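# Descriptive analysis of the structure
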Amino acid sequence: MPQPRILIVEDSRTIRKMLTKQLDEIDARVTEAVDGKEGLEKAKDKNFDLIISDVDMPKMNGFDLCKKLKSDPDTRSVPVIILSTNDREEHVEEGFRVGASAYVTKAKAGEELIARIKDVLTRSAFSRNRLILVVDDSKLVRKSVRKGLSQAGFNVVCADNGQKAMHLLEEHLPDLILSDINMPIMDGEAFCRAVRAREDLQEVPFVVMSTESDRRVMREMLAHGASAFMVKPFHIEQLVITAEKLLSDHFQLLLKERQRLDTERNMLLDTIASLVQALEARDHYTRGHSEEVARIATGMGRVMGFSPQDLERLEIAARLHDIGKIGIRDEILLKPGRLTDEEYDIIKGHPVQGADILSPIPSMAPIIPAVLHHHERMDGKGYPHGLKGSNIHLWARMIAVGDVYHALTSQRPYRAPMPMGQVFEIIEEGKGGHLCPDCVEAFFLFMDQCRDLPPQTNRKAMPSTAATNA
Ligand SMILES: [Fe+2]
């Protein structure tokens, strides 16, 4: 948790100093105010994560301060902990009634306060980025539910019937939906069905709220997609607790699903690493080829502003681009001399074979075009399909640049690695014929960033002297 900003509103200097010292334990940034009036001014002036307020103070007491904070849209989502000498039940009740998130007696502050602060801050951080859609035809219900949820830190949008709510759902993807049943135009049952029919909303918790007379309908709705129901009239605190519980359960489910996908992904990446290792172990001249092509391609991707997800997919594509060679016999793949036309045709089959190997794995679908077309050329003279220009998948064009770069810079049975200046010349001259001009530009920008580019290199001065590998 980042350093919390906490406002202490307390008229006793001794208690203020004691609290400030106690808050050292959670590394809080503390501001002090000597009464409710000053507390209100400071709360409006600065953004606080939490306000701790005494009750009996001159000018404005803690309950009035809390009431004012909770009625102002700018401060209503800041949680308040009431710290009081009074532990009478009606006093505590009043604290919650005016909108406090917790109530701690001064006698127990030493042992309880820090734990309550941590709890309130965690709940508030959890609510802050959550959006709740409230659907009810009663203006009064919408107003009070919006107020209660906003005070608890949630973001709220409202609609007065199911149809309007469906329009709102075009723009907003809520974390939770609260809906009445009896509404004009589209009632709660029809609205719940419409929500569940939308794939992106199927998992969003849906809470039905209606009067006792609708209890049977609400129970039936549980079987048809609703997550919980609340019987009107309910206390707003009860609603906040239900919302927090459902969102937390939903969050846990999402977290578990995320962990499962991460595990699956890591297993897949391990399998890929083994496959590539098996392929490259056969030929020590191409050892590390896939890794280097992946480094270059992802470097270009970063220059081109790729999203983290696309960078990860591009990296997998680059690491697997030659995987189809795994099916080529050693006497052809490792043949030291010149290949016959027939043998060369077999080598040229590796992009298609690579795509065939990956096609049964659904998560590999986005990278297959990159594997299949990494030997296409901008001028249409490549293989396997003779595609031209932008018809070739962008990732395939990027891999082609990395492929050329590594082929020229690595040791081959028939030549030493080329000097860097010459490599850059060849890549520059490949623009438009073999290589994609935009990708070549991204390649040079990446090389500049890596400081691999010698300062005096004139990329156009030297003629192309080498062919690239298959
Ligand atoms: Fe290849």
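Cut-offs applied
Residues numbered from 1 in each chain as written. Predicted model: local features only at pLDDT ≥ 70, side-chain atom pairs only at ≥ 80, totals over all residues. Helix = DSSP H or I, 4+ residues; strand = E, 2+ residues; numbered from the N terminus. Rg over C-alpha atoms; globule rule 2.2 N^0.38 Å. Buried ≥ 20, exposed ≤ 12 C-beta atoms within 10 Å, placed from the backbone. Contact = placed C-beta atoms within 7 Å. Axes fitted to C-alpha atoms, helices over the stretch in contact; angles between N-to-C directions. Parallel < 35°, antiparallel > 145°, perpendicular 65-115°, else oblique. Left-handed = near helix turned anticlockwise from the far one by under 90°. Nonpolar A, V, L, I, M, F, W, Y, C, P; charged D, E, K, R; others polar. Pairing = 2+ DSSP bridges. Domains from an automatic or database assignment. pLDDT = per-residue confidence, 0-100. Right-handed = clockwise from strand over helix to strand, strands pointing away. Core = buried A, V, L, I, M, F, W, Y, C linked by C-beta atoms within 7 Å.

### What to know about the overall build of the protein
- Secondary structure summary: the protein contains 19 helices and 10 strands in total.
- The C-alpha radius of gyration of the protein comes to 32 Å, more than 25% above the 23 Å expected for a compact globule of 470 residues.
- The proportion of buried residues among the 470 residues of the protein is 35%.
- Pairs at least 24 residues apart make up 62% of the contacts formed inside the protein by residues separated by at least 6 positions.

### A closer look at helix α18 (residues 420-429)
- Residues of α18 that are buried: V423, F424, E425, I426, I427 and E428.
- Buried residues along α18 sit against α17 (394-409) and α19 (437-450).

### Notes on the environment of M300
- Along the polypeptide, M300 turns up in helix α11 (residues 289-303).
- Sequence spacing of M300 and M398 is 98 residues, and the spatial spacing of their C-alpha atoms is 7.4 Å.
- In this structure M300 touches M398, V401, C439, A442, F443 and F446, once residues within four positions along its chain are discounted.

### Considerations on the packing of helix α12 (residues 308-320) against α17
- At a closest axis distance of 10 Å, the pairing of α12 and α17 adopts a crossing angle of 55°. Classified by the interaxial angle, the pair formed by α12 and α17 is oblique. For the element pair α12 and α17, the recorded crossing hand is right-handed. Residues L314, A317 and A318 of α12 lie in contact with α17, whose contacting residues are W395, M398, I399 and G402.
- Partitioned by chemical class, the residues of the contact of α12 with α17 number 6 nonpolar, 1 polar and no charged.

### Overview of the sheet that holds strand β9 (residues 206-211)
- If you trace the 5 strands from one edge of the open sheet to the other, you get β7-β6-β8-β9-β10, paired in parallel fashion. Each end of this open sheet is capped by a strand with a single partner; those strands are β7 (155-159) and β10 (228-232). Between one strand axis and the next, the sheet turns by 20° as a mean value, whatever way the strands run.
- Where strand β8 (residues 176-179) lies against β9, 3 bridges are found, and the strand directions are parallel. From the neighbouring strand, S179 faces β9, where its bridge partner is V208.
- Packed on one face of the sheet, helix α8 (residues 188-197) meets β6 (131-135), β8 and β9 and runs near 160° to β8.

### Some details on the packing of α11 against α17
- Contact geometry for α11 and α17: axes closest at 8 Å, N-to-C directions at 130°. One way to sum up the angle between α11 and α17 is to call them oblique. For the pair α11 and α17, the sense of crossing is right-handed. When α11 is examined against α17, the residues H289, E292, V293, I296, A297, M300 and G301 are found in contact with a partner set consisting of M398, I399, V401, G402, D403, Y405 and H406.

### Here's the deal with the domain arrangement of the protein
- You can read the domains of the protein as domain 1 (5-126), domain 2 (129-252) and domain 3 (282-450).
- Distance from the C-alpha centre of domain 1 to the C-alpha centre of domain 3: 62 Å.

### So, the confidence of the model for the protein
- When pLDDT is averaged along the protein, the result is 86, and 94% of the positions lie at 70 or above.
- Taken element by element, the predicted model of the protein shows its lowest mean pLDDT in helix α10 (residues 236-281) (77) and its highest in helix α16 (residues 368-372) (96).
- Across residues 452-470, where pLDDT falls below 50, the model places 30 contacts with residues more than four positions away in sequence or in other chains.

### Some thoughts on the pairing of β9
- Most of β9 sits out of view: 5 of its 6 residues are buried.
- Read as a crossover between parallel neighbours, the route from β8 over α8 to β9 is right-handed.

### Here's the deal with the sheet that holds strand β3 (residues 50-53)
- Spatially, 5 strands are ordered β2-β1-β3-β4-β5 in an open sheet, and the strand pairing comes out parallel. What marks the edges here is a single partner per strand, and that holds for β2 (29-33) and β5 (102-105). Between one strand and the next, the sheet's axes are offset by a mean angle of 20°, whatever the strand orientation.
- As paired elements, β3 and strand β4 (residues 80-84) share 3 bridges and run parallel to each other. Across the sheet, S53 pairs through a bridge with I82, a residue of β4.

### Here's the deal with unusual backbone geometry
- With an omega dihedral of -5°, the bond running from K232 to P233 counts as a cis peptide bond.
- Residues Y383 and P384 are joined by a peptide bond in cis, for which omega reads 10°.
- At K59, a residue that is not glycine, the phi angle is positive and equals roughly 70°.
- Tracing the chain through its elements places K59 in the loop between β3 and α3 (62-71).

### Points about the nonpolar core
- A317, I399, V401, I427 and F443 are the most contacted members of the largest nonpolar core, which has 43 residues in total.
- Put simply, the parts of the chain that give this core at least two residues each are α10, α11, α12, α15 (350-358), α16, α17, α18 and α19.
- In terms of residues, this core owes the most to one element, α17, which gives 10 residues.
- Judged by nonpolar contacts, the second largest core, of 31 residues, contains L7, I8, V78 and I117.

### Section: the environment of G110
- With respect to the helices, strands and loops of the structure, G110 is situated in helix α5 (residues 109-128).
- With 234 residues separating them along the chain, G110 and Y344 place their C-alpha atoms 80 Å apart.

### As for the pairing of β2
- Sheet topology note: the strand β1 (residues 5-9)/β2 ladder contains 5 bridges and is parallel. When the sheet's bridge partners are listed, I8 is paired in β2 with E32.

### What to know about the environment of C439
- Relative to the helices and strands, C439 resides in helix α19.
- Of the residues examined, C439 has 25 C-beta atoms within 10 Å and is grouped as buried.
- Separated by 404 residues in sequence, C439 and D35 place their C-alpha atoms 64 Å apart.
- Beyond its immediate sequence surroundings of up to four residues, C439 is in contact with M300, R397, M398 and V401.

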